Structures are given as C-alpha cells and as structure tokens.
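Here is what each chain is made of, one letter per residue.
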Amino acid sequence: MTNFENRNVTKDLYDSTASQWIRQEPSSLSDFTARPFVLELCEPVRGLRVLDLGCGEGYCSRELRALGATQVCGLDISEGMIAAAKLQEAQQPWGIDYEVGCATNLQQFGDRTFDLVVAVFLFNYLTTAQTQQCIAEIARVLSPGGRFVFSVPHPCFPYMREAAYPFYFEVEGRGYFSKRDWQFPGRIWKRNGSWLNVQLIHKTLEDYFDALKNAGFNTMPTLKELRVTPEHIALDESFFSPLVDLPLHLAIQVWR
Ligand SMILES: C[S@@+](CC[C@H](N)C(=O)[O-])C[C@H]1O[C@@H](n2cnc3c(N)ncnc32)[C@H](O)[C@@H]1O
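Bear in mind that the values here come from a model prediction, so they are computed numbers and not experimental data.

## Re the packing of aromatic side chains
What the rule picks out here adds up to 19 aromatic pairs. Their ring planes at 75 degrees and their centres at 5.4 Å tell us that Tyr 14 and Tyr 125 sit as a pair that is edge-to-face. Linking Tyr 14 in helix α1 (residues 3–21) with Tyr 125 in the loop between β4 (114–120) and α6 (128–141), this pair joins segments that are 111 residues apart in sequence. In terms of burial, Tyr 14 and Tyr 125 fall into one category: buried. With centroids separated by 5.8 Å and ring planes inclined at 35 degrees, the aromatic side chains of Phe 148 and Phe 217 adopt a geometry described as tilted. One end of the pair, Phe 148, is in strand β5 (residues 142–153); the other, Phe 217, is in the loop between α8 (205–214) and β9 (222–226), with 69 residues separating them in the sequence. Phe 217 carries the same exposure label as Phe 148, and that label is buried. Within the aromatic cluster, the residues linked to one another by ring pairs are Phe 32, Tyr 165, Trp 189, Trp 195, Phe 239 and Phe 240. Between the NZ or CZ atom of Lys 179 and the centre of the ring of Trp 182, over which it lies, the distance is 5.3 Å. A cation over an aromatic ring shows up here: Arg 256 above the ring of Phe 217, its NZ or CZ 5.7 Å from the ring centre.

Here it is, written out as structure tokens:
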C-alpha cells in the first residue's frame, strides 16, 4: 500500500464515521482502558502549549484543556473529524484551534513551539516510514525538556486475540514480524452495543523504539501496557471481562 493510498483510506474511513466518534464522556472501550491513563501520563499539563496529533473530534484536546493547558492545537487528516471538533468548539468554546493536516508534515509549526505533543491512536494509521517522519517532526516542534506522549494498540494484542467483541483486529494467523506495514481492519465497541470501525498498520515494538531513537529521543521512556483493571470489571463485567489479562494498548512518554 502506498502512502497516498493509506492516507486516503484513513480520510474516507473517518470522514464517513465522524459523527459516531463525537462524545462528551467515555463511550468506547479505549475511553476506559486507554485514554484516562494516557492523560495521566501527560500530567502535569497546567500551563503547557500542547499539540494533539490525530485529534479526531477533539475528545483528548478538550480533556487536555480541562487539565489546564494554556494552548491546545488539534490536527487531523480527516475534514469530517475536524468539522465535528469545530462544531463542538462552537457549541462549547474551549479556545482550542483545530486544523486539517497530515501529522507527517508539521511545517506550519515552528521549531520548539510546543511543550507537549500527544498522539492518541494515530500511529496505527501510519506506516513505519511515515511514523519515522512524524516522530522526527515532533522532535523538531518540541521545546527542550518538552514531552511526547502517545498510545497505540499493543503490537502483540492482534496476535493474541481471535474473538471479536469488544475489540479486535483481523490479522489472519501469524505474522508479528512478516506482516509489518500490512493494514488490517478492526472494530472497537462502545458500552451501548454499537461499534467503531478502526484500522491497524501493524508495527512491532522495535519499530516504535527505532523511530524514537532515530528522531533523537534518547532518554529512557516511560512505558505502560494498558489492560482491563478490577475497576473496569466492577463497572461493567460483561463488557470488559472478555479482555481480562490481555495487553490491549501501549502508552509511552519520552522527553526531548
Ligand atoms: C482512532 S482515531 C483517534 C482520534 C483521537 N485521537 C481520539 O483519541 O479520540 C485516529 C485519528 O487519527 C487521524 N489520522 C490518521 N492518519 C493521520 C495523519 N496522517 N495525519 C493526521 N491525522 C491522522 C484519523 O483521521 C483519526 O481521526
């Protein structure tokens, strides 16, 4: 798949499903199992200039603003998602700037202009080469001492999980190493029984760490393997229990 093709597949997917992503409170599985922990990793956020790459309809951008970021800019390749983000901004202004753009080219932003760059489930839409380009750009726009926090589906998860509900990627058999950069469809359910169609361009743990190292992130990262917790089970056992004891997502923080 060429870069042009994978970007267009992503745009089409998100332009056609933008309205399903709009939420003001947690709804999909990863709103419980990932985003609260990613946001925790972003703390302290107060007073920071933040760039939210692959911001979608702005869920995390709004949360980061609520945590005290002084400036939040959200960027997404999908016009539909940015329109949904702007609509919510018009209904309840947070002072967030949203723009359409591709995360692999941040030329509209100067060097060292952000204190925190966040990318929540962006890299599963980028190839290894695009991920390297994007992380190099992030290193450029981060101020010295700034932080980069991102989450991705755990690279092992698709190969450990066959059943669909409430979260899966259709990887068809083995291929942890041989299927790097292959694109697979997946689904993630909401607690109300509906689901969101998602995609995975598979990369290994090594691919992410190589991209960080090549971009000059040389400090020891903080890495969290996010999972279903006892609190999730207490909240909704039938929804979360099929995923107990599986590594669902990775959340990583590195310093510039
Ligand atoms: C799974 S959604 C997550 C949205 C948001 N971060 C959230 O947590 O709700 C992934 C988002 O990444 C965006 N995206 C994918 N490839 C991109 C690219 N090359 N540049 C910018 N955004 C991209 C998609 O359009 C989509 O909105």
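## Let's talk about the sheet that holds β5
Judged by pairing direction, the sheet is mixed, and its seven strands sit side by side in the order β3-β2-β1-β4-β5-β10-β9 without closing on themselves. Pairing within the sheet leaves two strands with one partner each, and these edge strands are β3 (97–100) and β9. Taken pair by pair, the neighbouring strands of this sheet meet at an average axis angle of 15 degrees, ignoring direction. The pairing of strand β1 (residues 49–53) with β4 spans four bridges and is classified as parallel. In the sheet register, Leu 53 faces β4, and the bridge partner there is Ala 119. Helix α3 (residues 35–42) rests against β4, β5, β9 and β10 (249–255) of the sheet, and its axis sits at about 165 degrees to β5.

The rules we used
Residues numbered from 1 in each chain as written. Predicted model: local features only at pLDDT ≥ 70, side-chain atom pairs only at ≥ 80, totals over all residues. Heavy atoms only, no water. Phe/Tyr/Trp six-rings, centres within 6.5 Å; stacked < 30°, edge-to-face > 60°. Helix = DSSP H or I, 4+ residues; strand = E, 2+ residues; numbered from the N terminus. Buried < 20%, exposed > 50% of the residue type's maximum accessible area, 1.4 Å probe, protein only. Lys NZ or Arg CZ within 6 Å of the ring centre and 35° of its normal. Pairing = 2+ DSSP bridges. Axes fitted to C-alpha atoms, helices over the stretch in contact; angles between N-to-C directions. Contact = heavy atoms within 4.5 Å.

Keep in mind that these numbers describe shape and distance, not what the molecule does.
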